[in-house]
Amino acid sequence: MTFFQRRQQPDGTMFTRLRLTYFNVTRTKTWFPVFFFLASPLVSPIVGQSISDGLSPTTGRVDFETEVQPILKNHCYSCHGPSKQESNYRLDVRDRAMKGGDYGVPPISAGDSKTSDLIGYVTGDDPDMTMPPVGSGASLTSKEIDTLVRWVDQGAAWPEHLSGKGQNEITTEHWAFQPIRKTGPPEVGDWPEAIFPIVNPIDQFIAIKLKEQGLTPSPQTDPVSLIRRLYLDLHGLQPTPESVLEFTNDFSPAAYESLVESVLEHSHYGERWARHWLDVVRFGESTGYEVNRDRANAYHYRDYVIEALNQDKSYRDFVREQLAGDVLGVDEATGFLVGGPNDIVKSPDVNLTLMQRQDELADYVHTTSASFLGLTVACARCHNHKFDAILQKDYYALQAIFSGVQHGERVLKNKLSTAKKAARSDKLAKLSQSLAQLAQWRTKAAQANPANGPALEAVNPKHNTDHFNPVLAKYIRFKIQQTNSGEPCLDELEIFSGGVNIALASLGSVPSSSGDYANNPKHLLKHINDGLYGNDHSWICDQIDGWVQIELPVISEIDRVDWGRDRTGTWGDRLPIDYEINVSKDGKTWQTVSSSSDRKPFLVNGKEPENAFIARLSGEDATAAQAAFADIVELRKQIAELNATNPMGYVGVFGPSQEIRRLHRGDPSDPREIVIPDTLTVMGTLGLKAQTPEPERRLKLAEWIVDPSNPLTARVIVNRVWQYHFGTGLVATPSDFGENGFKPTHPELLDWMAWQFMENGWSLKWLHRLILKSSTYRQSSTPRAAPARLDADCKFLWRFPPRRLEAEAIRDCVLQLSGKLNPKAGGPGFLLFEIDRENVHHYFPLKEFKPEHFRRMIYMTKIRQEQDAVFGVFDCPDGGQTIPKRNRSTTALQALNLLNSKFMLEQASFLKGRLERESGASVERQVRHAFELAFLRRPTEEELEDSIDLINNHGLAAFCRALLNANEFLFLS
Amino acid sequence: MQEKINSVRFNRRGFLGTAATGLSSIALTHLLSENQLLFGRKIEDHPLRPVIDPENPTLQRAPHFNGAAKNVLLIFCAGACSHIDTFDYKPELKRLDGQPMPGDGVITFQGAQGNLQKSPWEFKPRGESGKMISTLVDRIGEFADDMCFLHSLTGKTNTHGPGENFMSTGFTLDGFPSMGAWTTYALGSENENLPAYVAIPDPRGTPQSSVNNWGPGFLPAVFQGTDFNAAAPIRNLARPDQITAVRDRATRDYLKRLNERHLEKFPGDSELAARIASYELAARMQLSVPAISDLSTEPQHILSAYGADDTENSVKAGFARNCILARRLIENGVRFVQLFNGAYQTGGEGTSNWDGHKSIKKQYDVHGPILDQPVAALLKDLKQRGMLEETLVVWCTEFGRMPTFQKGASGRDHNPAGFTAWMAGAGVKRGFSYGATDELGYKAVEKPVTVYDFHATILHLLGLDHERLSFYHNGIERRLTDVHGKVIRELLI
């Protein structure tokens, strides 16, 4: 697939209208190059349908589609095509190609190659203006030039259907949409190698910028700080004193490299970095909103992310699986789609329901585009994007991709146990045998005398008549066993005596039923005999099998019942297809006077029920076929039971795609034209159709996202990784690479990393290694006044920027220090609440903690709106929104929680126990050991004295409580 | 006014210039860095982003212009309090009582509607204005001459969770900053010993959207509401019982020395300094919050006036104590107090809040008395102390209720098409009513306004331009009022 594939727009008029709208609200200067030639007399090329239709290719005659356009595509489009228009000129749209760009002269004179600048450019008449540029390696061959010359001389015919009219005319010069530049690092020149050795290209790019800014780098940090930084960054845990000792004894480059390897290999890496991704994709384990019910099986997605990172799954697969794991054999990955909140409080109010669905779709579109592309597409829900080249239509085109996605649980096919898999396939095999048998009986039935079958026509929604021998009755009951869909609906039940309908309420007949459909004034019991037809005057049963009855005022002789689902012919659902009519004189003894077995089978989707043919068999044949069918029913039940106990995941369910229309101002009650599933207009097309089936839409989008020519995907993920290592990304707005976001501080570095990341198998661990080994990462974090004055934010990385740890890392480090960290990985999370599962779920923080609660915090079941009682206040997101970058605030509540909460006091006492166990009774040894564990260093004399003093006067627990609150313990530096 | 704007817009460079060490605050720049984006807007449209001192992020800051109000006391009736049975008098409803609603059958949140139903409570003319107010809120009604009614509010949703979100945060979705968070983000606080923003949950529990009502959304956590009430203190505020005061002090002193020694290695790093400062604020709060929550210093006549000593109705007494607490917080300079009346559904709809679907008479006869006397006493108390001069009192709920009873029930369903809120105090007209619903109270027909307008007006009263108070998040300069809102100028003095 070509990335910037030409857009096939089936509905040109619609597009034109949209484009005009767009024109009004955006900055036309950037996106719509000024057309210089509108006022000047135009050398009219011979264009149009008539020419191309009239001339079939003959010898010497150049065909635009097969000969010319491929040349333009291969040599010109990259600078003058859909994504980029150097000098405001483009060759993929006929009118624009003919009119020219900034240079002011139409470059194609139809019929005259000699005066056509385009030919001049490609032949290199003017060395400065040779196209493609000399040295680009894209120069045209003489044969190709000859083709172009002949094409122009023959009249430059450019068929209408390839004119590109109305296509792709939205353009942008915004940096993030330009192709990734594949250029190596620059030479640094003079540089203090002694304090900042250039280890890899990252250092070159950083060094150049520092020099440009008049900044100097910081020296490399000491080994202890380095190993601590590495562990906190990659594991969110401290290194053990033993690993520190081992490393500091051998601070050679090889030692550091092997340290990096071992840290990356550890499963703690996935547990730490999955948290970052889960923030980005707003993963939570409850519905949020009003009722906030927990989602017991959502954890599979978390496990998937952790595992994917630990296995260093290629980022391409990571993206593909999250969007279409259901068809890629990784069911749990689609937890990505439905990881967000959804409002499950439904109502008969249709406007509310529509808005709820719109919010769900917006969540899928926003999360996908923000996470993978760094674009704020959801801003275009109500209007064209205010800043970026994103049309409102684009938003709905993406909605159409996800229109079949619903919240819910699905069987994780790839997680079935072997035993169950075997049982399941065994039953499936038996089922297929039985079905084969049934097929044989069906063949036999087909050969049998058709007279054996029922004679009456099948039921129909509009009007059915059941004749029977005259019978005396006071009660007439219409009993339904099966419908074509939903609870049965009858708009009128008529009972005839001597040709007169005596069932009417106006004649004194009284209706009753087994139960009525609630809460809808259109569907009431009294409608069954009110003499009015149509859906608005009908009765619906409260369940599929039920009955409705008429009690006549007196016993009467009747011989006919007429009924229908909707006499006006509008509705065809809810039709009784298996029914009987029973009559009684006393309401106690009943007899059946007519039933559906007298009729031909009703065809559902053009087919009769699969057992209907049995009625056409006779005697033993019918009995045997009936038995085969009973087996099938039983096997299906067993398979369904097996499925029911299969591992389920809250990973979304996929139904057929729904028709998506653009909503005027995002208002669900104001739908406009239908929108075909696609990606952003400015970035090309997926080439999907209105009929493209559901999974293919998502798969195609995924393929397009991870296409190496997509300028955003690699840049965005590389930038995220950079941000989590250094605190701030090269682009400081990691989910917004648009006009409103920040520009990269180091655009060349960003591109180089994105390029190399793709070249190296889209491997995240490759990228980590590169960053971790750089001198840039290994700089000291000690502040220096001079550079701080110039670059307070440390945007240019003149030191390693220190920062407070996040909620999860703090909790994990506390547990690690107290010796209580429970290493259990994966599976259902631990819950820090008691849940009161009323309609609205209520959560009460636990008061007592058990070892299961001492697992790493990533395994804490993430309940929206309900934060962990101690650590939630450390800017911990709750999954209500995508969080590409956490806030880092400092509050008194944080201090109070760390000082006084039961959890922390308990941990302090565990730490006390650990120190006593590991260091004996000597207070000095306890202090030294504690400093070693918490800060990875020896206490100074002053600190030692101060600490011993505190312990002597107030006990070891007081000392432990203080340590757990120390800045040094809580900061990554 | 221009001067004020300049003082607020003093930029990051200005701040850094004043920093003693010349080294920037990491936390400060972190807060600000994403807030530096200006896009082709005219100067007068530029966002006015407050400058936050990381060592004291709730330090008082100047408003955009001189506002009438310094603080806000917002009373939120959770569960959707019926406007038709309280402040929106509909004589026509009385006349048409028992008749079907004109027009097509209306489908609302829970389904079909029965017949029109007059309010079970009588309405009486009040004060000089003669405003008709129901006996359900009889004592509050006596302050009609001090109140400024907004009868034409319209909402965007008819479910509680999103409705509460909308009223409290301007968005029906979860995860957006609450009005109080925006206010403290903009203005900080006058009191350095108390939280800048306090949410006081009802004695019966938290409302449906729970912490979302006072959450920080994507604003820094420091601007969230701190929730406590007269009965339940701030979590982890108190020194643990097993630790003596002396030991606690010694431990904190030791910690401070430890942190200060560490800071020497990172001179001027204000994120570290801010953490040291936060422990000091925590210590001050340990003294100030219990003191302010200790109502034993209130004279008996005040307790009685609020109903805080009502031994017959413990929920009312609890809510009354919360009202007194609210007054004390405002008195001590807390910027924004959000006082909840009603909690989430438990024991069935409308049992513990204003969600009167089933039997409105029976249910509201429980909730009315809990609200009425304490809030009336609160208004009187604020007035007597002259606090209404600088404090804006706001009363609101998530949406209104239907003029009909629900089919098969004797209660009213949700109705966001027209409902009532009122304000009193700083900057708003007294004894004034704005807008109207139709003669049945079903839809806002005269001067309809949105919740965005309501929010814009409250911010305006605080001296804040709702279009310029913003925070960059996920690609958008986010505002309390999204891209909507218009100050309702007719309400202003």
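Definitions and limits used
Residues numbered from 1 in each chain as written. Chains lettered and ligands numbered in written order. Predicted model: local features only at pLDDT ≥ 70, side-chain atom pairs only at ≥ 80, totals over all residues. Helix = DSSP H or I, 4+ residues; strand = E, 2+ residues; numbered from the N terminus. Buried ≥ 20, exposed ≤ 12 C-beta atoms within 10 Å, placed from the backbone. Contact = placed C-beta atoms within 7 Å. Nonpolar A, V, L, I, M, F, W, Y, C, P; charged D, E, K, R; others polar. Pairing = 2+ DSSP bridges. Core = buried A, V, L, I, M, F, W, Y, C linked by C-beta atoms within 7 Å. Axes fitted to C-alpha atoms, helices over the stretch in contact; angles between N-to-C directions. Parallel < 35°, antiparallel > 145°, perpendicular 65-115°, else oblique. Left-handed = near helix turned anticlockwise from the far one by under 90°. pLDDT = per-residue confidence, 0-100.

**A word on the overall build of chain B**
Across its full length, chain B carries 13 helices and 20 strands. Looking at chain B residue by residue over its 493 residues, the buried ones come to 61%. Excluding contacts between residues fewer than 6 apart, the proportion of contacts in chain B whose partners are at least 24 apart in sequence is 76%.

**Section: the overall build of chain A**
Scanning chain A from terminus to terminus reveals 31 helices and 19 strands. Burial status across chain A gives 46% buried among its 973 residues. Sequence separation of 24 or more characterises 73% of the internal contacts of chain A that already satisfy a separation of 6 or more.

**Details of the environment of A:L264**
Along the chain, the position of A:L264 falls in helix α12 (residues 253-265). Residues A:L264 and A:R769 lie 505 residues apart in sequence; the distance between their C-alpha atoms is 8.5 Å.

**Details of the interface of chain B and chain A**
With 76 residues of chain B in contact, the opposing surface of chain A contributes 74 residues. Only α3 (26-33), β2 (107-108), β3 (111-116), α6 (160-169), α8 (245-264) and α9 (270-293) of chain B provide two or more residues apiece to the side of chain B that touches chain A. Considering every element that reaches the side of chain B that touches chain A, the biggest residue donor is α8(B), with 10 residues. Class assignment of the residues belonging to the side of chain B that touches chain A gives a composition of 35 nonpolar, 29 polar and 12 charged.

**Overview of the pairing of strand β6 (residues 147-154) of chain B**
Walk down a regular strand and you will see the side chains alternate between the two sheet faces. Residue and element names in this part refer to chain B. β6 sits mainly inside the fold: eight of its eight residues count as buried. As paired strands, β6 and strand β14 (residues 419-425) are joined by five bridges and run antiparallel to one another. Note that in β14 the partner of L150 across the bridge is A421. Examined bridge by bridge, β6 and strand β18 (residues 449-450) share two bridges and lie parallel to one another. When the sheet's bridge partners are listed, L153 is paired in β18 with V449.

**Here we look at the nonpolar core**
Proteins that are soluble and globular tend to have nonpolar side chains buried together. Membership of the largest hydrophobic core comes to 283 residues, with the highest contact counts inside it found for A:V718, B:C323, B:A326, B:V337, B:L392, B:V394 and B:W422. Per-element accounting of this core gives the leading share, 10 residues, to helix α12 (residues 360-384) of chain B. Not counting residues within four places of it along the chain, the set of residues in contact with B:W422 comprises B:F87, B:M147, B:C148, B:F149, B:L150 and B:W395. If you look at the next biggest cluster of nonpolar residues, it comprises 24 residues, including A:I495, A:I540, A:V548 and A:V593.

**Remarks on helix α15 (residues 315-324) of chain A**
Residues and elements named next belong to chain A. Where burial is concerned, most of α15 is hidden: eight out of the 10 residues are buried. Every buried residue belonging to α15 is among Y315, F318, V319, R320, E321, Q322, L323 and A324, and all of these are buried. Of the surrounding elements, those touching the buried residues of α15 are α14 (299-310), α16 (350-373), α20 (694-705), α21 (713-726) and α23 (764-773).

**Observations regarding the pairing of strand β10 (residues 576-584) of chain A**
Residue and element names in this part refer to chain A. Burial runs high along β10: seven of the nine residues are buried. Judged from the eight bridges that link them, strand β3 (residues 464-483) and β10 form a sheet pairing that is antiparallel. Paired with F478 across the two strands is I581, which belongs to β10. With four bridges connecting them, β10 and strand β11 (residues 591-595) associate as antiparallel partners. The residue bridging I581 from the neighbouring strand is S594, located in β11.

**What to know about the packing of α16(A) against helix α17 (residues 392-401) of chain A**
Residue and element names in this part refer to chain A. Where α16 meets α17, the closest approach of the two axes is 9 Å, and the angle between their N-to-C directions is 100 degrees. The angle between α16 and α17 places the two elements in the roughly perpendicular class. Across from L361, V365 and S369 in α16, the residues of α17 making contact are Y395, L398 and Q399. Considering only residue class, the contact of α16 with α17 consists of four nonpolar, two polar and no charged.

**A few points about the sheet that holds strand β12 (residues 404-406) of chain B**
All names here are of chain B. As summarised here, the arrangement of the three strands in space is β2-β3-β12, forming an open sheet in which the pairing is antiparallel. Looking along the sheet, the strands with just one partner apiece sit at the ends: β2 and β12. When β3 meets β12, the two strands line up antiparallel, connected through two bridges. In the strand pairing of β12, L116 is matched with T404.

**Here's the deal with the environment of A:F874**
Residue and element names in this part refer to chain A. Examined against the element boundaries, F874 turns out to sit in the loop between β18 (841-845) and α26 (892-900). On the basis of neighbour counts, which here come to 28 C-beta atoms within 10 Å, the residue F874 falls in the buried class. F874 sits 66 residues away from E808 along the chain, and the two C-alpha atoms are 9.0 Å apart. Residues within four places of F874 in sequence aside, it is in contact with E806, A807, I810 and Q894.

**Details of the packing of helix α13 (residues 267-280) of chain A against α14(A)**
Residue and element names in this part refer to chain A. Their axes nearest at 8 Å, the elements α13 and α14 cross at an angle of 125 degrees. By the angle class used here, α13 and α14 are oblique. Remark: the crossing between α13 and α14 carries right-handed chirality. Seen from α13, the contacting residues are S267, Y269, G270, E271, W273, A274, W277 and L278; seen from α14, they are R302, V305, I306, E307, L309 and N310. Here the contact of α13 with α14 is built from residues that sort into eight nonpolar, three polar and three charged.

**Observations concerning unusual backbone geometry**
Residues and elements named next belong to chain A. With an omega of -15 degrees, the peptide bond between M131 and P132 qualifies as cis. Relative to the helices and strands, P132 resides in the loop between α7 (117-123) and α8 (142-153). Unlike most non-glycine residues, Q865 shows phi in positive territory, near 65 degrees. On the basis of neighbour counts, which here come to 24 C-beta atoms within 10 Å, the residue Q865 falls in the buried class. Positive phi, close to 60 degrees, is recorded for L936, a residue that is not glycine. With respect to the helices, strands and loops of the structure, L936 is situated in the loop between α28 (923-935) and α29 (941-954).

**Overview of the confidence of the model for chain B**
On average, residues of chain B score 87 in pLDDT, and 89% of them reach the 70 mark or higher. Counted against residues more than four places away or in other chains, residues 1-41 of chain B, with its pLDDT under 50, gives 73 contacts.

**Considering the confidence of the model for chain A**
Confidence in the prediction of chain A, expressed as mean pLDDT, is 87, and 92% of residues score 70 or more. Scored below 50 in pLDDT, residues 1-59 of chain A makes 84 contacts in the model with residues more than four places away or belonging to other chains.

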